[in-house]
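Each chain, letter by letter, is given below.
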Amino acid sequence: MFTKFDKNIAYMKERMGVGKSFDIIHLDLEYAGRSMALFMVDGFVKDDILHYLMKFLSELQPEQLEPRPFEQLLKTYLPYVELDYVDDLNEATDIVLSGPTALFVEGINDKIIIIDARTYPVRGPQEPDVERVVRGSRDGFVETIIFNTALTRRRVRDRSLRMEYLQIGRRSKTDICICYLEDIADMDRVKELRHHLQLIDTDALPMAEKTVEEFLSGRHWNPYPTIRYTERPDTAAAHLYEGHIILMIDGSPSVMITPATFWHHLQHAEEYRQKPAVGAYLRFVRFFAVFASLFLLPLYYLFSVEPSLLPGKLDFIGPTEIGVLPIIVQFLIAEIGIDTLRLAAIHTPSSLATALGLVAAILIGQVAIEVGLFSNEVVLYLAVAVIGTYCTPSYELSLANRLTRLTLLLLTALFGVGGLVIGTTIWILYLARMKSFNTAYLWPFLPFDLKALRDVMLRSPVPLNNERPTFLHPQDPDR
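Cut-offs and rules
- Residues numbered from 1 in each chain as written.
- Predicted model: local features only at pLDDT ≥ 70, side-chain atom pairs only at ≥ 80, totals over all residues.
- Heavy atoms only, no water.
- Pairing = 2+ DSSP bridges.
- Helix = DSSP H or I, 4+ residues; strand = E, 2+ residues; numbered from the N terminus.
- Axes fitted to C-alpha atoms, helices over the stretch in contact; angles between N-to-C directions.
- Contact = heavy atoms within 4.5 Å.
- 1 Å grid on protein atoms, 1.4 Å probe; cavity = no way out; pocket = protein on both sides within 12 Å on 5 of 7 lines; lining within 4 Å.
- Points joined across faces, edges and corners; volume = space filled by probe spheres on them.
- Nonpolar A, V, L, I, M, F, W, Y, C, P; charged D, E, K, R; others polar.
- Salt bridge = Lys/Arg side-chain N within 4 Å of Asp/Glu carboxyl O.
- Buried < 20%, exposed > 50% of the residue type's maximum accessible area, 1.4 Å probe, protein only.
- Patch = residues over 30% accessible without salt bridge, like charges linked within 9 Å, V, L, I, M, F, W, Y side chains within 5 Å.
- Areas by Shrake-Rupley, 256 points an atom, 1.4 Å probe, with all protein chains shown as cover.
- Expected span 1.5 Å × (residues − 1).
- Arc of directions from axis to C-beta.
- Phe/Tyr/Trp six-rings, centres within 6.5 Å; stacked < 30°, edge-to-face > 60°.
- Lys NZ or Arg CZ within 6 Å of the ring centre and 35° of its normal.
- Parallel < 35°, antiparallel > 145°, perpendicular 65-115°, else oblique.
- Left-handed = near helix turned anticlockwise from the far one by under 90°.
- Polar contact = N/O pair within 3.5 Å; in protein donor to acceptor, adjacent residues only side chain to side chain.

S.K.: Help me get a handle on the sheet that holds strand β10 (residues 255–258), residues and values and all.
M.R.: Spatial ordering of the open sheet is given by β6-β7-β9-β10-β8, a layout of five strands whose pairing is antiparallel. Sheet topology places β6 (161–168) and β8 (228–230) at the edges, where each strand pairs with a single neighbour. In this sheet, neighbouring strand axes are inclined to one another by 25° on average, regardless of whether the strands run parallel or antiparallel. The strands touched by helix α5 (residues 145–155) are β6, β7 (174–181) and β9 (245–249); relative to β7, the strand with the most contacts, the crossing angle is about 10°.

Here you go:
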């Protein structure tokens, strides 16, 4: 005759696929005269902790669990910090699949004890490849969410720091953390973000933060990022103190900073690791490089086909030898070639990637010039534009700017001066109409805020930067 305990165990074994998946472990035990059962996932459990707890259980006598066995186990005879309980078998299954261990005890049929003794395969915190600094910390976020919350708390020792836990994905049950400072952040914005996250209805988040971004951003065909990513804990902490909200997603080393304007994607930690004057200079150089990557090629093409637009002293601009192909075709081929080279470098082993880049850049470019396929000026200006692209701190923004550059180049080729002017105007209006969580994307340029725009264009000294950004509507506006 089956008891309630036996039915619970049978249900868990069937639901979790015990015997069908080799890494799902079920242990039948007997301690203190009671049948017990443990369910866990191999590789997610700290063996030494479970061995320690099982040793304590093996020394129990039946009378020690009377008259309230659940309270006695939870409060006395399971000496571990992270203990909890649930009263739903389906919820217990989801919890076990995320790492903790479920303990079933005969006679306690309405509650399952959860022992959170999990561990995940994880790499050590390392400096992110795309956010390197000369001076500064060398640790970076990793793929395990609990490590990332610890790295953040190490830098934000504020009593109002909140880390809200959510699970998204009907099947994946992916862990998500909403991180903010309760005394600073706009709580209406936190509530709105939480609501949008809870509305996400999908099987899983296989691409982690990128899947979430596509649900949150709304404009699916918009190439420009409305969320900033960072793998640096110090960058995330700085934005928390400003009043931003951070999203951490288990399985991703990148955290999401919301809201983020166009100018946030042009900032880099290196500017704040140097003296203010040096940081301001570096920011100016970066801005110049980024906007050169957008407009240099369309302007060069325009001056090449319409040299009358140039003043006399600049008549050297333009190709001396056009080459076999028209200039616009040369640019398009070169742009596609650069992206092909980038993709090839991604799929090339690290030890060979540098050699591949040097061979392709020098050998192919030189041969193309010698055979007359490209002109020297095309290679020169394209190289400058590509350098500007790689000066963009945000990888997502650099890709969006590349599409914009191609569009402006084509419009200039088709319609001349009018095409460049109209294309640039449409681009600015498009960005001006964009919103990042109800925040103007071009703030403080549009809508105009002189003081905030000064802080964007110049790297202000930290002692003078004593106010938080107004567009975040912080509860405490003073730093």
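Alright, that's what it looks like, and here's the rest.
S.K.: Tell me what's going on with the layout of surface pockets, and back it up with residues and numbers.
M.R.: Quantified by volume, the second largest pocket comes out at close to 820 Å³. What lines the second largest pocket is a set of 30 residues, among which Glu242, Gln267, Tyr272, Asn465 and Arg479 lie closest to the centre. Secondary structure elements with two or more residues in the lining of the second largest pocket: α8 (233–242) and α14 (450–457). Residue contributions to the lining of the second largest pocket peak at five residues, all from α8. Classifying every residue of the lining of the second largest pocket by side-chain character gives 11 nonpolar, nine polar and 10 charged.

S.K.: Account for the pattern of salt bridges, naming residues and giving values.
M.R.: Applying the stated criterion across every chain, the model contains 26 salt bridges. Salt-bridge contacts for arginine 34 lead to glutamate 66; the nearest nitrogen and oxygen are separated by 2.9 Å. With arginine 34 in strand β2 (residues 34–41) and glutamate 66 in the loop between α2 (47–58) and α3 (69–77), this pair connects stretches of sequence that are 32 residues apart. On the accessibility criterion, glutamate 66 (43% relative accessible area) is partly exposed.

S.K.: Tell me about a nonpolar patch on the surface, residues and numbers included.
M.R.: Residues Tyr281, Phe284, Val285 and Phe288 make up a contiguous nonpolar surface patch of roughly 470 Å² in combined accessible area. With respect to the secondary-structure elements, phenylalanine 284 resides in helix α9 (residues 276–305).

S.K.: Would you mind going over the environment of threonine 211 in detail, with residue names and values included?
M.R.: Mapped onto the elements, threonine 211 comes out in helix α7 (residues 209–217). The exposure class of threonine 211 is buried, given its relative accessible area of 16%.

S.K.: Could you give an account of α2, with specific residues and numbers?
M.R.: Between the first and last C-alpha of α2 there are 16 Å, a value that for 12 residues agrees with the 16 Å anticipated at 1.5 Å per step. Of all the positions in α2, only Ile49, Leu50, Leu53, Met54 and Leu57 are classed as buried. Buried residues of α2, seen end-on, are gathered within an arc of 130° and therefore sit on one face of the element. Counted as exposed and oriented over 90 degrees from the buried face of α2: Asp48, His51 and Lys55.

S.K.: Residues and numbers for the packing of aromatic side chains, please.
M.R.: What the rule picks out here adds up to 10 aromatic pairs. Ring geometry for phenylalanine 262 and tryptophan 263: centres 5.2 Å apart, planes at 90°, overall edge-to-face. Residue class for phenylalanine 262 comes out buried when judged on its relative accessible area of 2%. Relative to tryptophan 427, the ring of phenylalanine 295 has its centre 5.8 Å away and its plane inclined at 75°; by these criteria the two rings are edge-to-face. Highlighted residues: phenylalanine 295 in helix α9 and tryptophan 427 in helix α13 (residues 395–433), separated in sequence by 132 residues. Stacked on the ring of phenylalanine 70, the Lys or Arg lysine 111 has its end atom at 5.4 Å from the ring centre.

S.K.: An account of the pairing of β10 is requested, with residue identities and associated values reported.
M.R.: On β10, burial covers both faces: Val255 and Ile257 on one face and Met256 and Thr258 on the other are all buried. In the sheet, β8 pairs with β10 via three bridges, with the strands oriented antiparallel. In the sheet register, arginine 228 faces β10, and the bridge partner there is isoleucine 257. Here β9 pairs with β10 via three bridges, running antiparallel. When the bridges of β10 are listed, leucine 247 appears paired with methionine 256. Hairpin connection of β9 to β10: five residues between the antiparallel strands, including glycine 251 at a positive phi of 100°.

S.K.: For the packing of helix α10 (residues 327–346) against α13, give the residues involved together with the corresponding values.
M.R.: At a closest axis distance of 10 Å, the pairing of α10 and α13 adopts a crossing angle of 165°. Taken together, the axes of α10 and α13 are roughly antiparallel relative to one another. As for the relative orientation of α10 and α13, their crossing is left-handed in sense. In this structure, α10 uses Ile328, Phe331, Leu332, Glu335, Asp339 and Arg342 to contact α13, whose residues at the interface are Tyr395, Leu399, Arg402, Arg405, Leu406, Leu409, Leu410 and Ala413. When grouped by side-chain class, the residues that make up the contact of α10 with α13 number nine nonpolar, no polar and five charged.

S.K.: Give a detailed account of the side chain of glutamate 242, specifying residues and quantitative values.
M.R.: Structurally, glutamate 242 can be placed in helix α8. In this structure glutamate 242 comes out as buried when scored by relative accessible area, which is 17%. Reaching out from glutamate 242, the side chain makes a polar contact with the side chain of histidine 244 at a distance of 3.2 Å. With sequence-adjacent residues up to four places away left out, glutamate 242 is seen in contact with Ile184, His264, Arg468, Pro469, Leu472, Pro474 and Arg479.

S.K.: Run through unusual backbone geometry, naming residues and quoting values.
M.R.: The omega torsion of the bond from tryptophan 443 to proline 444 falls at 10°, within 30 degrees of zero and hence cis. Among the secondary structure elements, proline 444 is positioned in the loop between α13 and α14. Along the chain, leucine 446 connects to proline 447 via a cis peptide bond; the corresponding omega equals -5°. The phi dihedral of lysine 173 falls on the positive side, at around 50°, and the residue is not glycine. Within the secondary structure layout, lysine 173 lies in the loop between β6 and β7. The phi dihedral of histidine 473 falls on the positive side, at around 50°, and the residue is not glycine.

S.K.: Residues and numbers for the sheet that holds β2, please.
M.R.: An order of β1-β2-β4-β5-β3 is seen for the five strands of this open sheet, with the pairing classed as antiparallel. If you trace the sheet from one side to the other, it starts and ends with β1 (24–31) and β3 (83–86), each paired once. The mean inter-strand angle of the sheet, taken between neighbouring strand axes irrespective of direction, is 25°. Strand direction decides the pairing type here: strand β4 (residues 101–105) and strand β5 (residues 108–115), joined by four bridges, are antiparallel. Paired with valine 105 across the two strands is isoleucine 108, which belongs to β5. On the sheet, helix α4 (residues 89–97) packs against β1, β2, β3, β4 and β5 and is oriented at approximately 50° with respect to β2.

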